[in-house]
Amino acid sequence: MRPSVKEAELPAVRGRYTENAPLGAVSWFRAGGTADVLFKPADLEDLAAFLSACPAQVPVTVLGVMSNMIIRDGGVRGVVIRLGGEFAGIEAREDHRVAASSMALDSSVAAKAAKAGIAGLEFFSGIPGTVGGALRMNAGCYGAETKDILIRAEAVDRQGRFHELTPDQMGMSYRHTEVPEDYIFTGAVFQGRPGDPAAIEAHMAGIKARRADTQPIREKTGGSTFANPTAEELVAAGQPEGTKTWQLIELAGCRGLRMGGALMS
Ligand SMILES: Cc1cc2nc3c(=O)[nH]c(=O)nc-3n(C[C@H](O)[C@H](O)[C@H](O)COP(=O)(O)OP(=O)(O)OC[C@H]3O[C@@H](n4cnc5c(N)ncnc54)[C@H](O)[C@@H]3O)c2cc1C
């Protein structure tokens, strides 16, 4: 097994390192181990400087709020980056665009847009993650997804170089992007359209009510974490067109399966 990484092996930074930092305890599922070293950069320049100076053999993982992540009991080797408040800004603009840093919560982006009379971002209110997580997997719900509203994303790579990416360059498809794994998103600009704040709020309330009716939202559930299979995957598995993931789980006899404290709903 790969040896643990220690702070002494890492470059000097203005932000904060924490060795053996608990991750599972602050994750969505409240389960799992620690990070060898947790790094909270002071700002964008600190993040880029860290990446350019961090030895190539040290694994680097970036996390949002871990709503699409199960932390292994054995913990995460290397450096885990969690961006802090400096990366959580949201700005609603005159041209009905919303600029958000990558640690901003999707729900806060939706709320800010609603207040400014910017429609089209309501679906973000239903996703319990961050902008960075949404960019990584083209998050979406109820017929809308991140790529529909994305103008551009900003990222920094493992060498500390900055990039601006359009949705086409990101190869976005259903719950998937083709962006290199080492890219860390730092922000994005979304395009909305003029709307009436009250109507936007009503739309978001509808999304919330639909969730509450159909999902156990008060539990630590994976919710709609499972992506549905593609048409090609269904053909390969000999399943009828339109079969949903929950039906495959049922077919496999796994509905209600319990292991320790985890239950397949
Ligand atoms: C109850 C529940 C309901 C959900 N409903 C939906 C839904 O309707 N639609 C939907 O799409 N998803 C849904 N999800 C899944 C999840 O909320 C989304 O995938 C969300 O986008 C994850 O964001 P996060 O910040 O929690 O990312 P994390 O879980 O922390 O990370 C997920 C992935 O994104 C990467 N990542 C995170 N931040 C960055 C960054 N700044 N730069 C580069 N990579 C990054 C991580 O490395 C990891 O690979 C649901 C989850 C739960 C628990």
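Computed from a predicted structure; not experimentally measured.

Colleague: Describe the environment of Leu150, with residues and values.
Modeller: Here Leu150 is to be found in strand E10 (residues 150-156). A residue is classified by how much of its surface remains accessible, and Leu150, at 6% relative accessible area, is buried. Separated by 36 residues in the primary sequence, Leu150 and Thr186 have C-alpha atoms spaced 14 Å apart.

Colleague: Lay out the site of the ligand with the relevant residues and their values.
Modeller: The local shell around the ligand holds 32 residues, among which Val62, Ser67, Thr130, Gly140 and Arg211 are the closest. Gly133 has a polar backbone atom sitting 3.5 Å from an oxygen atom of the ligand. Side-chain polar atom of Arg175 to an oxygen atom of the ligand: 3.5 Å apart, as the coordinates give it. In isolation the ligand offers 970 Å² of accessible surface; the protein chains occlude 92% of this area. Elements represented by at least two residues in the shell around the ligand include exactly strand E3 (60-63), helix H3 (131-137), strand E8 (140-141) and strand E12 (184-191). Ranked by residue count, the leading element in the shell around the ligand is H3, at five residues.

Colleague: Before we move on, could you go through unusual backbone geometry and cite the residues and values that matter?
Modeller: One non-glycine residue, His96, lies in the positive phi region at around 60°. As for its position among the elements, His96 is in the loop between strand E5 (90-92) and strand E6 (97-101). With a phi close to 50°, Asn138 is a non-glycine residue in the positive phi region. Inspection of the secondary structure puts Asn138 in the loop between H3 and E8.

Conventions we followed
Sequence order as written defines the numbering, with residues in each chain counted from 1. In keeping with the predicted nature of the model, local features appear solely for residues at pLDDT of at least 70, side-chain atom pairs appear and are counted solely at 80 or more, and the whole-chain, interface and lining totals rest on all residues. Remark: hydrogens and water are excluded; side-chain values derive from all non-hydrogen atoms of the structure. A helix here means a DSSP run of H or I that spans at least four residues, while a strand means a run of E at least two residues long, and both kinds are numbered starting from the N terminus. Buried residues are those whose accessible area, probed at 1.4 Å on protein chains only, stays under 20% of the maximum for their type, while exposed residues exceed 50% and partly exposed ones sit between those limits. Nearness here has a simple test: a residue counts as near a molecule or strand if at least one of its heavy atoms is within 4 Å of that partner. For this analysis, a polar contact is any N or O atom pair within 3.5 Å, provided that within protein one partner can donate a hydrogen and the other can accept it, and provided that sequence-adjacent residues contribute only side-chain to side-chain pairs. Surface accessibility follows the Shrake-Rupley procedure with a 1.4 Å probe radius. Residue values consider only the protein chains on display as shielding.

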